[in-house]
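Okay, here's what each chain looks like letter by letter:
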There are 2 protein chains.
Amino acid sequence: MSKRIAGPEIERLIQLLAKVPGLGPRSARRAALHLIKKKDQLFAPLTVAMRDALDNVKVCSRCGNVDTVDPCVVCTDPRRDEATLIVVEDVSDLWALERASAMNARYHVLGGVLSPLDGVGPDQLNIRSLVDRVAEGAVAEVILAVNATVEGQATAHYVTDQLSGYEVRVTRLAHGVPVGGELDYLDEGTLTAALRARTNF
Amino acid sequence: MSKRIAGPEIERLIQLLAKVPGLGPRSARRAALHLIKKKDQLFAPLTVAMRDALDNVKVCSRCGNVDTVDPCVVCTDPRRDEATLIVVEDVSDLWALERASAMNARYHVLGGVLSPLDGVGPDQLNIRSLVDRVAEGAVAEVILAVNATVEGQATAHYVTDQLSGYEVRVTRLAHGVPVGGELDYLDEGTLTAALRARTNF
Ligand SMILES: [Zn+2]
Ligand SMILES: [Zn+2]
């Protein structure tokens, strides 16, 4: 076990690749060897792309999306409907809904769900900034596209309460999202159907 | 589909991550978001590790292993038995055998198998350099640890022919390697057993 097969740079690469979701220790070794074999076609361009993304990525101060500009391209896209705001837990949910291409709306990323046992209260989520956006007056409908989990639904109730003083329709995704399921794992057809059949909250 | 969710740096990162074995388009998006969230703990160190490995990796001119030094650490390790040379198709097989820790030998990586239909003849593999190593006289046994495929066995026969003029015992892995199986996917126990029970070729 203490025998070295390759230099420390390669062992460190394998060790860190193993922490990437989707790869484990064995996949990381295969991935590292593949990168080394495809040095010019994949390893070098991927390394440059990682450096570019790492140096430029930022969180949008308006919606919480990640992008290389702030505000992000979703917030500044003039073709999107300002009147519809989709509230999601995580950036991955925003991306999943965009892949479904179901609506041409804007988004607000909460950054998680209320979870008192984990120390996540309203102040740890982007709820104040959501209320501020609604208070600006351009939003007619807030769609709560949170996960169908206990915490997600509790968060939806809390957000609805916070918005009760404003002239805004609050809706949620139609049933169709499996109970306990995570948005990011759903197929695009299910996401589209759930958005179309949304109901009043 | 033409709507942009994030800047071109992030889209390019996802596109290239999707080409890494073990990741697909959806896993690549999750991986990219995970990296962005773990910017200091994972994204930055992995980017540095990739740059270090990319700049330093080389193929060992003696055995064909990949390392950051040439000759590689396996070739220069004084505790390894010079008399035993394990011939493998690919660097991944060398790494798999080392994980099994079954023998304290040296290696020779052929870089593939004979496959006339794909234009791979003896000159496309590291066979000449293998014969040269054996001709130096220090090798007493060559273990042909090639995959149990038709091409692997044809390659083993060809290598054996090339070594027939030398005072060297040529062995192959014991049956125990599943027919049609790839070394790199086997568990360490099977690899160890197959090495221990190796037979004359
Ligand atoms: Zn934004
Ligand atoms: Zn070497």
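Owing to the predicted nature of the structure, the values given are computational and were not obtained by experimental measurement.

Quick notes on the rules
Residues numbered from 1 in each chain as written. Chains lettered and ligands numbered in written order. Predicted model: local features only at pLDDT ≥ 70, side-chain atom pairs only at ≥ 80, totals over all residues. Heavy atoms only, no water. Donors = N, O, S within 2.8 Å, 3.2 Å for Na, K, Ca; no water. Tetrahedral: all angles 85-135°; square planar, octahedral: opposite > 155°, others 65-115°. Helix = DSSP H or I, 4+ residues; strand = E, 2+ residues; numbered from the N terminus. Buried < 20%, exposed > 50% of the residue type's maximum accessible area, 1.4 Å probe, protein only. Contact = heavy atoms within 4.5 Å. Buried area = accessible area lost by both parts, 1.4 Å probe. Polar contact = N/O pair within 3.5 Å; in protein donor to acceptor, adjacent residues only side chain to side chain. Nonpolar A, V, L, I, M, F, W, Y, C, P; charged D, E, K, R; others polar. Least-squares fit on C-alpha atoms with pLDDT ≥ 70 in both. Axes fitted to C-alpha atoms, helices over the stretch in contact; angles between N-to-C directions. Left-handed = near helix turned anticlockwise from the far one by under 90°.

1. Observations concerning the coordination of the zinc ion (ligand 2)
Residue and element names in this part refer to chain B.
Right, on to step 1. Donor atoms from the polypeptide that bind the zinc ion (ligand 2) are Cys60 (SG), Cys63 (SG), Cys72 (SG) and Cys75 (SG), placed at 2.3 Å.
Right, on to step 2. Coordination at the zinc ion (ligand 2) comes from 4 donor atoms whose angles at the metal span 102 to 117°, giving a geometry best classed as tetrahedral.
Right, on to step 3. Donor residues binding the zinc ion (ligand 2) come from one chain and are separated in sequence as C-x2-C-x8-C-x2-C. Of this pair, Cys60 sits in the loop between strand 1 (58-59) and strand 2 (66-67) while Cys75 is found in helix 4 (residues 73-76), placing the two residues 15 residues apart along the sequence. In this structure, Cys60 and Cys75 share a single accessibility class: buried.

2. Considerations on the environment of Pro25 of chain A
Residue and element names in this part refer to chain A.
Right, on to step 1. Among the structural elements, Pro25 can be located in helix 2 (residues 25-37).
Right, on to step 2. Judged by its relative accessible area of 57%, Pro25 falls in the exposed class.
Right, on to step 3. Each C-alpha atom, one on Pro25 and one on Gln15, is 7.3 Å from the other, the two residues being 10 residues apart in sequence.
Right, on to step 4. When residues no more than four places from it in sequence are discounted, the contact partners of Pro25 are Ile14 and Ala18.

3. Topic: the interface of chain A and chain B
Right, on to step 1. With 65 residues of chain A in contact, the opposing surface of chain B contributes 65 residues.
Right, on to step 2. For the pair chain A and chain B, the two sides together bury roughly 6200 Å², of which 67% comes from carbon and sulfur.
Right, on to step 3. Joining chain A to chain B, the criterion identifies 4 residue pairs in polar contact (both at pLDDT 80 or more).
Right, on to step 4. Of all the secondary-structure elements, those providing two or more residues to the side of chain A that touches chain B are helix 1 (8-17), helix 2, helix 3 (39-56), strand 2 (66-67), helix 4 (73-76) and helix 5 (91-100) of chain A.
Right, on to step 5. Element by element, the count of residues in the side of chain A that touches chain B is highest for helix 3 of chain A, at 15 residues.
Right, on to step 6. Of the residues that constitute the side of chain A that touches chain B, the class distribution is 36 nonpolar, 10 polar and 19 charged.

4. Points about the side chain of Glu141 of chain B
Residue and element names in this part refer to chain B.
Right, on to step 1. Structurally, Glu141 can be placed in strand 5 (residues 141-144).
Right, on to step 2. A polar contact of 2.8 Å, which involves the side chain of Glu141, links it to the side chain of Thr171.
Right, on to step 3. With sequence-adjacent residues up to four places away left out, Glu141 is seen in contact with Ala83, Thr84, Leu85, Val168, Arg169, Thr171 and Arg198.

5. Observations concerning the side chain of Thr160 of chain B
Right, on to step 1. Relative to the elements of secondary structure, Thr160 of chain B occurs in helix 7 (residues 150-162).
Right, on to step 2. In this view, Thr160 of chain B contacts Leu144, Val170 and Phe201 of chain B; residues no more than four positions away in its chain are not counted.

6. Details of the coordination of the zinc ion (ligand 1)
All names here are of chain A.
Right, on to step 1. Binding of the zinc ion (ligand 1) to the protein goes through Cys60 (SG), Cys63 (SG), Cys72 (SG) and Cys75 (SG), at separations of 2.3 Å.
Right, on to step 2. If you look at the zinc ion (ligand 1), its 4 donor atoms make angles of 102 to 118° with each other, and the shape they trace is tetrahedral.
Right, on to step 3. For the zinc ion (ligand 1), the single-chain donor residues occur in sequence as C-x2-C-x8-C-x2-C.
Right, on to step 4. On the accessibility criterion, Cys63 (1% relative accessible area) is buried.
Right, on to step 5. You can call Cys72 buried: its relative accessible area is 0%.

7. Observations concerning the relation of the copies chain A and chain B
Right, on to step 1. Least-squares fitting of chain A to chain B yields an RMSD of 0.1 Å, with the superposition described by an axial translation of 0.0 Å and a rotation of 180°. The two molecules are tied by a two-fold rotation axis, judged by turn and shift.
Right, on to step 2. A shared interface surface links the copies, since 100% of the contact residues of chain A are contact residues in chain B too.

8. Let's talk about the packing of helix 1 of chain A against helix 3 (residues 39-56) of chain B
If you want to describe how two helices pack, look at the angle between their axes and the distance between the axes.
Right, on to step 1. Between helix 1 of chain A and helix 3 of chain B, the least distance of the axes is 9 Å, while the angle of their chain directions is 145°. Once helix 1 of chain A is placed against helix 3 of chain B, the crossing between them reads as left-handed. Counted together, Glu9, Arg12, Leu13, Leu16 and Leu17 of chain A of helix 1 of chain A and Leu42, Pro45, Leu46, Ala49, Met50, Asp52, Ala53 and Asn56 of chain B of helix 3 of chain B form the full contact between these two elements.
Right, on to step 2. When its residues are assigned to classes, the contact of helix 1 of chain A with helix 3 of chain B shows 9 nonpolar, 1 polar and 3 charged.

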